[in-house]
Amino acid sequence: MPDLKGRENWASRLGFILAAAGSAVGLGNIWRFPFVVGTNGGAVFVLIYLVIVIFIGYPLMVTETVVGRAGKRNPVGAFQALAPNSPWWLAGALGVFTGFLILSYYSVVGGWSLAYVIKALTGEFTTDADFVALFTGHISLTIAPIIWHAVFMVLTVAIIAGGVVKGIQRWVQFLWPVMAVLIVILIIRALTLEGSGAGIAFLFRPDFSEITARTFLDAIAQSFFTLSLGMGVFITYGSYLSDRDNVPSSAATVVGLDTGIAILAGLVIFPAVFAFGFEPGAGAGLAFITLPAVFAEMPVGTLFGTSFFLLLSLAALTSAISLLEVVASWLIDEKGWTRKSASAVLGAVIFVVGIPASLGFSAFSGFAIPGIGDLFDTYDWIANSILLPLGGLLTAVFAGYVWKAKSARAEANKDHMGMKIGEWYGPALRYVVPLAIILVMAFGIIDTFV
Ligand code: PHE
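The structure reproduced in this document is the subject of the present report. (Residues numbered from 1 in each chain as written. Predicted model: local features only at pLDDT ≥ 70, side-chain atom pairs only at ≥ 80, totals over all residues. Heavy atoms only, no water.)

**So, the overall build of the protein**
Spelled out, the test is: The numbering of helices and of strands both runs from the N terminus, where a helix is a DSSP run of H or I of at least 4 residues and a strand a run of E of at least 2. We take the radius of gyration over the C-alpha atoms and set the globule estimate at 2.2 Å times the residue count to the 0.38 power. Think of it in three bands: with a 1.4 Å probe and only protein chains considered, a residue is buried below 20% of the maximum accessible area for its type, exposed above 50%, and partly exposed in between. Note on contacts: a residue pair qualifies if any of its non-hydrogen atoms lie within 4.5 Å across the two residues. When charges are counted, Lys and Arg contribute as positive and Asp and Glu as negative, whereas His and the chain ends are disregarded. Every charge is mapped onto a representative atom, which is NZ of Lys, CZ of Arg, CG of Asp or CD of Glu.
Each helix and strand counted, the protein has 18 helices and zero strands in total. Over its C-alpha atoms the protein spans a radius of gyration of 21 Å, differing by no more than 12% from the 22 Å that the globule rule assigns to 450 residues. Along the longest, intermediate and shortest principal axes, the C-alpha atoms of the protein span 65 × 45 × 45 Å. Taken across its 450 residues, the protein has 61% of its residues classed as buried. Partitioning the contacts of the protein with sequence separation of at least 6, the portion at a separation of at least 24 is 82%. Considering the protein, the positive charge centre built from 23 side chains and the negative charge centre built from 25 side chains are found 15 Å apart.

**A few points about the packing of helix α17 (residues 405-412) against helix α18 (residues 425-449)**
Cut-off, in case you're wondering: To obtain an axis, a line is fitted to C-alpha atoms, over the contacting stretch when the element is a helix, and the angle between two such axes runs from 0 to 180 degrees between their N-to-C directions. By definition in this entry, angles of less than 35 degrees are roughly parallel, angles greater than 145 are roughly antiparallel, angles of 65 to 115 are roughly perpendicular, and the rest are oblique. Left-handed describes a crossing in which the near helix is turned anticlockwise from the far one by less than a right angle; the clockwise case is right-handed. Residues are sorted three ways: Asp, Glu, Lys and Arg are charged, Ala, Val, Leu, Ile, Met, Phe, Trp, Tyr, Cys and Pro are nonpolar, and all the rest, Gly among them, are polar.
At their nearest, the axes of α17 and α18 sit 9 Å apart, and the two run at 135° to each other. What the angle tells us is that α17 and α18 run oblique. The two elements α17 and α18 cross, and the hand of that crossing is right-handed. Every residue of α18 that contacts α17 at Ala405, Ala408 and Arg409 is listed here: Tyr425, Gly426, Leu429 and Arg430. Along the lines of polarity and charge, the residues of the contact of α17 with α18 split into four nonpolar, one polar and two charged.

**Description of unusual backbone geometry**
Positive phi is not limited to glycine here, since lysine 72 has a value of about 55°. When you line up the elements, lysine 72 lands in the loop between α3 (43-71) and α4 (75-82). For lysine 72, a relative accessible area of 29% puts it in the partly exposed group. Despite not being glycine, lysine 404 has its phi angle at roughly 90°, a positive value. As for its position among the elements, lysine 404 is in the loop between α16 (375-402) and α17. With a relative accessible area of 39%, lysine 404 lands in the partly exposed category.

**Focus on the nonpolar core**
Rule in force here: Only buried residues count toward a nonpolar core. Its members are Ala, Val, Leu, Ile, Met, Phe, Trp, Tyr and Cys residues joined through side-chain atoms within 4.5 Å.
Judged by nonpolar contacts, the single largest core of 151 residues is most densely connected at Trp31, Trp112, Leu291, Phe308 and Phe309. The element that contributes the greatest number of residues to this core is helix α5 (residues 89-121), accounting for 16 residues. Other than its neighbours up to four places away in sequence, leucine 291 contacts Ile30, Leu186, Val268, Ile269, Phe308 and Phe309.

**Here we look at the pattern of salt bridges**
For clarity, the cut-off: We define a salt bridge as a side-chain nitrogen of Lys or Arg found within 4 Å of a carboxyl oxygen belonging to Asp or Glu.
Across all of its chains, the model carries eight salt bridges by this definition. With its nearest N and O atoms 3.1 Å apart, the salt bridge here joins glutamate 411 to lysine 414. Taking relative accessible area as the criterion, glutamate 411 reaches 8% and is therefore assigned buried. With relative accessibility at 32%, the residue lysine 414 sits in the partly exposed group. Residues joined in a network through salt bridges with shared partners are Arg69, Asp243, Glu411 and Lys414.

**Topic: the site of the ligand**
As a reminder of what qualifies: By convention in this text, a residue qualifies as near a molecule or strand provided that one of its non-hydrogen atoms is within 4 Å of it. Definition of a polar contact: a pair of N or O atoms within 3.5 Å, with one able to donate and the other able to accept a hydrogen when the atoms are protein atoms, and with sequence-neighbouring residues admitted only if both atoms are side-chain atoms. What sets the accessible areas is the Shrake-Rupley method with a 1.4 Å probe; for residues, cover comes only from the shown protein chains.
In the vicinity of the ligand, 15 residues are found, and the nearest of them are Ala24, Gly28, Tyr106, Phe225 and Ser228. A distance of 2.8 Å is found between an oxygen atom of the ligand and a backbone nitrogen or oxygen belonging to glycine 28. The contact in question runs from a nitrogen atom of the ligand to an N or O atom on the backbone of threonine 226, over 3.1 Å. Computed on the free molecule, the ligand has an accessible area of 320 Å², of which 100% lies beneath the protein chains in the complex. Within the residue set of the shell around the ligand, elements represented by two or more residues are α1 (13-24), α2 (27-39), α10 (213-227) and α14 (301-335). Residue classes in the shell around the ligand are distributed as seven nonpolar, eight polar and no charged.

**Re α3**
Given 3.6 residues per turn, any residue in an α-helix points the same way as the ones three and four places further on. As a reminder, the rule being used: By definition here, a helix of n residues has an expected span of 1.5 Å times n minus one. Bend angle per residue: angle between axes fitted to the 7 residues ending at that residue and the 7 residues starting there.
Helix length check: α3, at 29 residues, gives a terminal C-alpha distance of 40 Å against a target of 42 Å (1.5 Å per residue), a fit within 8%. At valine 53, α3 shows its largest bend, some 40°. When you tally the buried positions in α3, you get 23 out of 29 residues, the bulk of the element. Trailing α3 by a residue or two, lysine 72 shows a phi angle of about 55°, which is positive.

**Some words on α5**
When the terminal C-alpha atoms of α5 are compared, their 47 Å separation across 33 residues agrees well with the 48 Å that a helix rising 1.5 Å per residue should span. Extensive coverage of α5 is indicated by the burial of 27 of its 33 residues. Taken from the residues just after α5, glycine 123 is the one with a positive phi, measuring 75°.

**Observations regarding the side chain of serine 385**
With respect to the element layout, serine 385 can be found in helix α16. The residues contacting serine 385, other than those within four sequence positions of it, are Leu217, Ala221, Asp380 and Met441.

**Overview of the packing of α10 against α18**
Running from N to C, α10 and α18 cross one another at 120°; their axes reach a closest spacing of 7 Å. Judged on the interaxial angle alone, α18 and α10 are oblique. Helix-helix and strand crossings are classified by hand; for α10 and α18 the assignment is left-handed. Residues Ala213, Arg214, Phe216, Leu217, Ile220 and Phe224 of α10 lie in contact with α18, whose contacting residues are Ile437, Val440, Met441, Phe443, Gly444, Ile445, Asp447 and Thr448. For the contact of α10 with α18, the residue count by class is 10 nonpolar, two polar and two charged.

Take a look at the structure:
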């Protein structure tokens, strides 16, 4: 086992919450949530998503965090520490691989967001602009989106190279509250647009005829993605957590914030979709098409638009650094790499792996898998519909049966104050969570291809 004496801890309890919320709140809330709600028929999807967040997401977040705190290592090492001489470290390795894959295309979208900062700043959000053409025009370029993808990756590497407290914690502290305020301003604008009511109905009035097995799979994928679950972010961040911190309440805070921000984003985007006559099922471009249209309708829209995409880019960064931290901490703990070389080498490799996802909209736009979509959708589908739920399933089975739900619960309730995890946790971990994931995956995958 590697020597862990020098391992950093968060500088405060708030440090963990902010970094964890920084990981959770990102493109998943503002870009991915509205677009999967839009392609899955609206409110029914939101309903299923909320049920999954509460009954599967929350217990899993607590579980990952305590596996990390008890194991005091990156995902691979944490499983090894809690179940020595067993193949369970493979579950951690799967997480490391998933982080690698997600970051490769997450950075492409982070790059779109950076590009939109410049578009906003240079006054491209005008009332007579064609925002669909603006977006498709950008992503179907060959080189520019790849350069932005590179810029985003360099920023991510720079922060991770700085270390846990100085790098991650310092950055996330002030970023996302500002973002929340900006979203509220945007909601007021969106809700007062003429014809916005249809958007609210789309988001909150379920039409149950829209449900298929695929709806559940998409909802589980979105829940895991947005909460950063199923690939060891919380194992890694939990490993920097001290024994005095209260895990149940920290996790509840993170789940609440993340869900709240997703719903707020929906409250900006859907009223605007309907008010401007956009297509809710437009897919990956939805936020990038509707938000600029809202800014165009605002006084000082250039200022609001620029600040918003700047903050979206920063929110994406605080998620991207958590993805890179999982992979980097594995190289650092297990392979003895220095933090600087681990982050730089990984950043370069992950950048290259992401290039085809970007080219999926230009050079490789002919590529398509029936039921899934283009190259970009394929990355997203493999990572979020398959690997994240699988990672969550393995973590639940591991904690429920191998490490034992009793030990996980005792670890979660170790500090003597604050919120406690109740008796419900054992059965949830051992039966409800694994069974739900297996059923949703099985039927959802069949529904995707048949
Ligand atoms: N939760 C992040 C978001 O919503 C994405 C992410 C997924 C980050 C998985 C880490 C791990 O944008």
